[in-house]
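Structure assessment
Residues per chain, in single letters:
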Amino acid sequence: MSEAPVSEMQGPQKATAPRSRVESWPAILRIPWLMLSEFVDHVLLEPHREGRLRAKDWPVGVVSIVVIAVIAYIVAVALILFSAPLRAALPLYVSAGGVSFSFPRALLWIFLVLLVLSVSLLQTAAMHVATWLCVLVTALTVLITLFVGVTDAELGAFSSGRLATIAASILLVVFVIVRRRSSFAWWEFAVVFGLLGLSLAFSIARAAVTASPGGVDLGPITLSVVMFTIGQLAIPSAIAAGSAVAELATSSALRAVGVVRRHLPVAALVVGLVALLSWRAWVVVETVRAGESVAPLQLGSSVALSALIVGAWLLLARLRGSRVASPPSATELTDKLSGVAQPIGAGLAITFGPFVAAMLLLQVLFGYLGQADWLTTASGAIGLLSHSVTIGVTRLAVGVLLLVLAIRWAQRQRRVVPELLASIGVVVVTLSAASLFGPVRWLWTSESLSIVATIVCTGLLVWFLVARTLTVNRMAGLAVALLLTALFQQRDFVSDPLGAVLGFTGVAFVLFGYVWAFLTSGSYANEGSKRYPKPARILLFLASTLFGVTVLAYTALARNPDSAINLGAFADVGDQIFGTAIVVGALVAMLRGVLSDREPELDTAGKETDSAATTS
Amino acid sequence: MQTTPQKPAHGPWGRVIPAAVLAVVTSLVTVCFAVADNPVVEVAGGAAARYVPAEGYTHWSLTVERGSPDVRRVTESARSTGYTEVIALPEAQTSHVLAALGSDVRTTQFWREITHVLDGEDQSQLTDLYTLTDEGVSLVAGYGGTVGWVYSPPLVQLPPDVAPGVSWTGEGDAMPFGLITYAHSASAVTPNDAVLLANALAHDVDVSRCIQIDGETQLFDESGADIVLIVQSELWCEGKGRVAVVANVAEVESQHLASAPLPEATGISTNSTPRRWSDPGSWVRRSATVTLDDEFFGANAFNLGLADAPRAAASGLLITANTNTADVVALEPLGDRLVRAWYAHPGGDIVTFSTVGDVTVVSTGLRELVAYDAKGRRLWQHPVPELVVAPPTSTGDGRVVSVGLDGTVTMLDAVTGEIVWTRSVGADVDLPAVVAEGRVVVIDRAGAVSALDAATGEVAWSIESEPATEMLGFGAAVATVGDDGWLRMIAVSSGEATGSWRYPGSYRALLAVGENVVLATDEQIVAIDPESSEELWRDDGVEAAISDGTTIVVFRGATAVGLDAAGAILTSWDVPASLLWSTRYVVATESSFVLMHTGSDATIVGAP
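Residues numbered from 1 in each chain as written. Chains lettered and ligands numbered in written order. Predicted model: local features only at pLDDT ≥ 70, side-chain atom pairs only at ≥ 80, totals over all residues. Heavy atoms only, no water.

Turning next to the interface of chain B and chain A. Listed per partner, the contact involves 55 residues of chain B and 62 residues of chain A. Buried surface at the junction of chain B and chain A, both sides included, amounts to about 4900 Å², of which 63% is carbon and sulfur. Applying the counting rule to chain B against chain A returns 2 salt bridges. Across the salt bridge formed by B:Asp37 and A:Arg105, the nearest N and O atoms sit 2.8 Å from each other. The interface formed by chain B and chain A holds 5 residue pairs in polar contact (both at pLDDT 80 or more) in total. Looking at the side of chain B that touches chain A, the elements with two or more residues in it are α1 (11–36), β19 (350–356) and β33 (486–491) of chain B. Considering each element in turn, the side of chain B that touches chain A owes the most residues, 17 residues, to α1(B). (Contact = heavy atoms within 4.5 Å. Buried area = accessible area lost by both parts, 1.4 Å probe. Salt bridge = Lys/Arg side-chain N within 4 Å of Asp/Glu carboxyl O. Polar contact = N/O pair within 3.5 Å; in protein donor to acceptor, adjacent residues only side chain to side chain. Helix = DSSP H or I, 4+ residues; strand = E, 2+ residues; numbered from the N terminus.)

Have a look at this one:
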């Protein structure tokens, strides 16, 4: 590989233009500036450039819909960022009792608008996608509509609020049937949003007018029940959001060493490597002294996990028939992570969809039919969908499926994504097996993995020194591996400052993941297929991102992570799965290069890897 | 499904019309939700409603009567709609009040005044219930004194069109069955009484927003003979209610004047005596009833709405939060009865509460901390920047620590409410602080543990741990029950981890029994020696567990089992189980434990 700067190899004009301007600066300013700008460009801007929605060849009206959704998204993010002053300034609705639920009452209607907007985006998109998804989404929309309508109860009569939601549901189904075989048209969204919005607003108004003279404030109760029920639909995006910090940590490690290599002499690399070693040694000692999460069994399982992933990669290479010596690079793996995180997140949370639909159906039936024994029985049966064993089995199945997919795609000569899927699959299978079959005391942890990686890196460094085979390439590879290990173990460096600003610890990590995903993972909506045309993909992307951030804003303003669904806990699951897989994968790739004394690949210049796997 | 390629946007049709239509639809839906979610509920009572205090308003007054010592009073106001206020009256009074109201009580707006008398021989607690209706503001019921009142029709205090120059009259029953009747006449004038005006000005009351009511109320017995004539001038001010009164009752003149807060701050115990049960193996179970004893209406069963466990005060009273009326209710165990000793209305919903000796500290939904003494008399109140959802913690030396949802840690004097220091730990905290070794230890929701100097609030150390469901003090250490299934011990002096244990199941209780830690989950109860990390004994899982430090009582369904410190069974009792629709709460006292559900029934297990 040449020593040319990445910006020059990739050729994006944005990266080279500033370079020509700073050429005349003194080296003491020019080099740090170039390093910083390249680092920021590669770590933050490049993923956005590649993953953002591109307003190219969009059908009529899509721009307006996107603008509306983006404004709503910004409003939701602003509600999160300003949740503390908003709570301080506004009167709170506080529920009586031991479970604290409090919410700035005056902001409640904004959430109703955001929710209906998300559902309308989803429903409009679903009209033009595969039949099964269209039916599923339409059923869900109808159930949500009827569910909200149930709150307008009137003794001995069908209240007008309920009638409005029933009529809206029928009209919606008819509209979907009529428009199903037509191409997307912008006014479909207007019709769906207007229909759902007006009927639900009418129903809520009716319920409020009926209840408020009796001193009952139905609004917060309705919103909390709705959020508690359908908030679980945000779980897939929360799991996917958990990958953001690991992705950023990995790319930061790669790019940091990359800019050092390009702009500074080898001595700087030596100094950096010594500093990294010292840092890691200190952290390892501190971690071992703390004694938590670093039991011998956990260190052993960390080694076993790494061995399993290496074994899976070797198997894929053998199936592919290519040389074992050319596994995907760490950079390639990182670049593909955001593309696979969303569908895998959906797979891991697949039981929550039917669970939410069934709960909505039950509550609608309960609202219309009253209490019945069979409803209680059905409720117990539905509860099985959210049981820990069901979730564990589902995740195990998803893990196995990922391994099967990795094998099949490797057999079709695809690169990178099979290795990524295999790494994630191994992690998912071990995690779910541990939760299903036994205590998790032995399970690997971030700390134990980091310690094992640090020991391996240090061992290799000593070995190369003793054998007098330590080259610049090897030093660079080991520096990346050590930095990656350090950032992985302390990857809260991204979300902690945000948490301190927000004053609410539950949302910072997820918010970062959501915003990162919003900015970098829209590429699948830049193209279309017969079953999933481009406008539908755009609306699905917007619906998913807006709904997730809406649920998050609700928990932030309620100052209670459990007020809807604890997205932070699911983001942690995503972090554990994707973070571990990408870090172990990246370390394996990096150490493979170190052993064979190859220059580490610290960018993706000129690489065209498999993208079909992430979009099909 | 047709999937012909879409044409890109072009011309006015492609840009302006869709943008305009979508903007209109979005605006319409947004406005509809904004309107739908904000139904305007008119405050009944017309112009009179302006003079009714807001929910949680507190008013201190001084009764001055020639030849008698001054009497301090503190009055709290509650505002609500519907049946709850009527049901909270003595049972014998409720039906008469319902009959007097006549209209749809479900939508009737109420104003309740709760008055605590601080001086004199008769320090009984008085309650007056008013309605806000088309008739204005009317007194409908009163109890707590030697006589109980039910006004039918309600006695109009302020008519809906109240203004200077307006006069009104009324007559009817003042007691059930017409035992006493009333005739009332009054007129509204611009404030002119010199005593009332001087009192108002002395307390910075804007008199231009007040009105003076000059009235006469004559009470008659069943035969129609005069009982008493009450002549009084009242100063009503907007949002403050009746600020001052000059009265002549049966030729005796008195003044009830607004005053600065004058709480009784002496002789209040803030010490909690260590709970030590005596021979719990001999305890027996007995049923008890929560009752409201009224001098006039007699003993009445009293329904409590419970959503949190009662707390025991040093005096032996059980302090509860009644969700029906958002009141703090103190119960005194008397044989097979739990008698309401006092009640108070701190304002807004009760978020949480705790006891510091005989002081009860309440956190309210109005973002205030409010404290009461052993007789339920308000001691102090403080606004807080965020809700305090964690029960305030006693330091054991007369101070109390509260931790807000915004991470604000505040050390206060429990009796005077004086703030000793305030410190922010930055993140949200929903678990109570632990005070040990001269330090205040708090854990935020992210699991960051901070130790503050109890004297100054300075940060002694701070460490990153895991989010926890519970944190308790154990001598020189704190134990955190992590959401990740780990129990961790941390040295208060240094913040160093001194031990950790993996626990299975869902957390139920953490107890200090002797020198050991007892951790109870729904899957097992286990005793651990914190020094050696040795597991001493284990038993089946529980729903709840309490201890006095030597004996443990565990609850499994409808059975309570007494265990000694070694885990051996002492005895067991049949107790009411927790129900799907009604949670069972348990509170340990010095000589028993009490189980309560929402309602008026309770179970006491104690000495025979």
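Our next topic: the nonpolar core. Core analysis: the largest hydrophobic core is formed by 187 residues, its most contacted members being A:Leu121 and A:Ile424. Ignoring any residue separated from it by four or fewer positions in sequence, one finds A:Leu121 in contact with A:Ile65, A:Ala69, A:Phe189, A:Leu539, A:Leu542, A:Ala543 and A:Leu546. B:Leu89, B:Ala100, B:Tyr143 and B:Val587 belong to the second largest nonpolar core, which has 31 residues in total. (Core = buried A, V, L, I, M, F, W, Y, C linked by side-chain atoms within 4.5 Å. Buried < 20%, exposed > 50% of the residue type's maximum accessible area, 1.4 Å probe, protein only.)

Residue and element names in this part refer to chain B. Looking at the secondary structure, you find Thr408 in strand β25 (residues 408–413). Of the polar contacts made by the side chain of Thr408, one reaches the side chain of Asp406; its length is 2.9 Å. If sequence neighbours within four positions are ignored, Thr408 has contacts with Pro385, Ser402, Val403, Thr422, Arg423 and Ser424.

Attention shifts here to the environment of A:Val573. All names here are of chain A. As for its placement among the helices and strands, Val573 is situated in helix α25 (residues 567–595). Among the residues examined, Val573 registers a relative accessible area of 17% and is labelled buried. In this structure, the C-alpha to C-alpha distance between Val573 and Ala238, residues 335 residues apart in sequence, is 8.9 Å.

Residue and element names in this part refer to chain B. For the coordinates displayed, the defined rule picks out 1 disulfide over all chains. Here Cys210 is linked by a disulfide to Cys237, with a sulfur-sulfur distance of 2.0 Å. Looking along the S-S bond of the Cys210-Cys237 disulfide, the torsion reads about 105°, which is the right-handed sense. Of this pair, Cys210 sits in strand β9 (residues 210–220) while Cys237 sits in strand β10 (residues 226–237), placing them 27 residues apart in sequence. Neither Cys210 nor Cys237 differs from the other in exposure class; each is buried. (Disulfide = S-S within 2.5 Å.)

Attention now goes to the pairing of strand β22 (residues 378–383) of chain B. Residues and elements named next belong to chain B. Looking at chain direction, strand β21 (residues 368–372) and β22 are connected through 5 bridges and run antiparallel. If you follow Ala371 over to β22, its bridge partner there is Trp380. Between β21 and β22, which pair antiparallel one after the other, the connecting turn spans 5 residues, and Gly376 there sits at a positive phi close to 80°. (Pairing = 2+ DSSP bridges.)

Any two side chains of opposite charge can pair, on the condition that their charged atoms come close. Taken as a whole and judged by the stated rule, the model has 29 salt bridges over all chains. Note that A:Arg179 and A:Glu188 form a salt bridge whose closest N and O atoms lie 2.6 Å from each other. Across the pair B:Arg50 and B:Glu238 runs a salt bridge whose closest N-O atoms are separated by 3.4 Å. You can see B:Arg50 sitting in the loop between α1 and β1 (58–65) and its partner B:Glu238 sitting in the loop between β10 and β11 (241–249), a full 188 residues away along the chain. Classification of B:Arg50 by relative accessible area gives partly exposed; the value is 43%. Residues joined in a network through salt bridges with shared partners are A:Arg105, A:Asp217 and B:Asp37.

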